[in-house]
Structure formats: structure tokens, C-alpha cells
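# Close look at the chain arrangement
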Amino acid sequence: MIVQDIINHLEELTPINYAEDFDNVGLLVGDKTQDITGILVTLDTLESIVDEAISENCNLIVSFHPIIFKGLKKLTGKNYVERVVMKAIKHDIAIYSMHTALDNSIQGVNSIICNQLGLINKQILIPQQGTIKKLTTYVPKSEAQALRMHLFEAGAGSIGNYNNCSFNVEGYGTYTGNVNSNPTKGKKGEMHTEEETKITVTFAKHLQSAVLQALFKNHSYEEVAYEVTTIENTNQNIGMGMIAEFPEPMNELSFLNHLKSKMKTETIRHSLLLDKPIKKVAILGGSGSFAINAAKAAGADAFVTADLKYHDFFSAENRILLTDIGHYESEQFTKNELVAHLTKKITNFAIILSKINTNPVKYF
């Protein structure tokens, strides 16, 4: 296998199209056509991780966090980022990062936390905007059914729990081909009227290339009339954070103890206890202060996240229990799920879970 094969498997879990604009995801170091000897999965890529990859004969590191986040102007080894990149290049080790693409996946970081805590009825907390596209095209009526099926096979027409969704209107299309045309219906230079079906389907934005390829390959017209627009409908499967529930409510102290145990954290910073049962919980792995208002608006009794600042805790306003469990702690199980996903896809290849704890925060 080559690096691109592994990328394809990872993007089945979460296409990088859904990463946040500020992020730096995908193949950060290396050649996508390079043959793979082994895969090391980690939360962060540090020098010690590259050394581990070398010792395990792995020439691809799949890292949740990107080692290159801001632009690199020099490679002199003056800081840990440059040293990691230089060592990886020296040893022909590729580095691939998923980060906020996996944050935004319904199967990603926040779903993993929900599963760890035993939460059910999971829903996206902050749906990502502009992730649904709509295709409208016009095809001879006799060819409409076949074209619809090709579009469905390319991934169009999926809405929530339903597949093969489309809207169709029959009418008449007209056109006149010029001297350079080669019409498949009618004759050049003559106005032609064709009984047509207008087909409308929606699709996830990362499928646009495949959907258009299916359209052009299977449409009989020399010039295909079509429109692609972005719609503002809520995507149920893409976005930041999750809102979920415990099967049964628990008191605040029981909740904090449960959270501490299941997330294997040494300490939890939290807002004022409100003496209210905890049933509905908002989740956002990593730095999640921006989602406090969304958690309150969703009616969450508690919000589990990380990297809250002093003034963020005032935003609880006696309406919600805010908990900061630590950045590393909130994302630590992500690498396990990536290994599990790749192992299901690749049954005869070395996929190694890093043994190194990369958490830079220590507790006294």
C-alpha cells in the first residue's frame, strides 16, 4: 500500500473538507505515492514520536494534532516543530493530520467522549454551515431513471436516514446548436424541442467531484445544463460538539466523579455547583469556550470541554455546570479509535498505537 491508500481509508471516517478554515490538516509531510512499511497513530507528533516510528519501522505517522499549524519560513531546528519536520523528512516518514475534520465528524472526537461517558441520543451541538450542496440538471425523459441511479451511486440523494432522494419535474427543453455543435438529439442549426426531466438532488460537499463526474459521464448531451448551489439546511452529521443524555440523571458530585474516572483526568476545574441533577450534557473535546452559549441554548445541564479561562466560568450564569477536564484528557481516546478504524479496513498490516503520553501539562 501507499500513503494515499491510508488517506482514503481515513477520509471514509471523516473527509478533511470539513476541517475548520483556520486549521492545517491532511498530508503535512511526505509523498502520497510512497510505499508504506507501517503506521504509527498518535495524538501529537513530537521528536519522541518520530523516534518511536523509526524503531517500529513505521514510515507513516497518523496524528490527530497537526505538527505544522502556522507557516514555516525556515527549517533550522530552532524549535520542536522544525526539528520534528526535519527528522521526519530525513527518515522518509510521512505525517498526516485530521484535527478539526475529526472534531466535526459525527463519529469523531465528541462521539468518542460520549461513548466513554455512556451518553445516548447523540446530536451535533453546532452544525457546520454550507456543507450541503444541491444539483439541478435536465436530461431526456427516457434517460432520467438511469442518470438518477448513477447520481445516487456517487453519493447524491442522501438526507439523514434516507437514501435515493430526488425531486423530478417533467417539461420541455429547447436549444439550437451552432455550426460547431454535435447534438445527440436533433440537428445542428435547427431549433430542437426535447421532452426532459428536471432532476434535483442534494449531496455532501466533499462528494461534489464524484457527483459531477457521474453527471458528465452518464449524460448524453454534448453540453450538460446543470446548476450547483450551496444550501443552508442543517447538516445532522457535521459540526462542532455534541449534545447527549445519560440514561438516568445523576447528582452533580456523582457526575464529577464519573467524569473524572471515565476520562482518566487528575483534576477537574468547574463552575459553581447548582444542586441540580445532570441529565443532558454538552460535549466539545479540546478548546471549547466558544460553545458555552450553544450548550446553554441546547438546555444542557453540564458542559464538558477544556481550556476554559477564568472569565469563561462566569458565563455559566447559574444555568449550567461548566467542566474543564484538560485538553489532552478530552482527546486522549481519539488515537485508539483511529487504530480501530484502520484495523477494520486493513487486516494484514502493521498499525501501531503509540505508547508515548504526549500531554505537556503536568499536575502537582
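Quick note: structure is the one above.
Residues numbered from 1 in each chain as written. Predicted model: local features only at pLDDT ≥ 70, side-chain atom pairs only at ≥ 80, totals over all residues. Heavy atoms only, no water.

This next bit is on the pattern of salt bridges. Taken as a whole and judged by the stated rule, the model has nine salt bridges. Put simply, Asp324 and Arg269 hold a salt bridge, and the shortest N to O gap is 2.7 Å. With a gap of 55 residues between them, Asp324 in strand S14 (residues 321–324) and Arg269 in strand S11 (residues 269–270) connect regions that are remote in the sequence. According to the relative accessible area criterion, Asp324 is buried, its value standing at 6%. Residues joined in a network through salt bridges with shared partners are Lys141, Glu170 and Glu195. (Salt bridge = Lys/Arg side-chain N within 4 Å of Asp/Glu carboxyl O. Helix = DSSP H or I, 4+ residues; strand = E, 2+ residues; numbered from the N terminus. Buried < 20%, exposed > 50% of the residue type's maximum accessible area, 1.4 Å probe, protein only.)

The next thing to look at is the sheet that holds S14. Here we have six strands laid out as an open sheet, ordered S5-S10-S12-S13-S14-S11, and mixed in their pairing. Each of the sheet's edge strands pairs with one partner strand only, and the pair in question is strand S5 (120–127) and S11. Two strands pair when backbone bridges link them, and S11 and S14 are joined in this way by two bridges, in the antiparallel orientation. Each residue of the ladder has a partner; that of His270, found in S14, is Thr323. (Pairing = 2+ DSSP bridges.)

In this structure, the largest pocket encloses a volume near 960 Å³. Every residue lining the largest pocket is counted, 44 residues in all, and those nearest its centre are Asp44, His65, Tyr80, His99 and His327. Of all the elements in the fold, those that place two or more residues in the lining of the largest pocket are helix H3 (80–90), helix H4 (100–103), strand S12 (278–287) and helix H10 (327–331). For the second largest pocket, the calculated volume is near 720 Å³. Lining of the second largest pocket is provided by 31 residues; of these, Tyr18, Ala204, His206, Asn235 and Asn237 occupy positions nearest its centre. Those elements giving two or more residues to the lining of the second largest pocket turn out to be helix H1 (3–13) and strand S8 (191–204). Partitioned by chemical class, the residues of the lining of the second largest pocket number 12 nonpolar, 17 polar and two charged. (1 Å grid on protein atoms, 1.4 Å probe; cavity = no way out; pocket = protein on both sides within 12 Å on 5 of 7 lines; lining within 4 Å. Points joined across faces, edges and corners; volume = space filled by probe spheres on them. Nonpolar A, V, L, I, M, F, W, Y, C, P; charged D, E, K, R; others polar.)

Quick look at the packing of helix H2 (residues 47–55) against H3 now. Where H2 meets H3, the closest approach of the two axes is 9 Å, and the angle between their N-to-C directions is 15°. The angle between H2 and H3 places the two elements in the roughly parallel class. Here H2 runs over H3; the crossing is right-handed. Within the contact between the two elements, H2 uses Glu47, Val50 and Asp51 and H3 uses Arg83, Val84, Lys87 and Ala88. (Axes fitted to C-alpha atoms, helices over the stretch in contact; angles between N-to-C directions. Parallel < 35°, antiparallel > 145°, perpendicular 65-115°, else oblique. Left-handed = near helix turned anticlockwise from the far one by under 90°. Contact = heavy atoms within 4.5 Å.)

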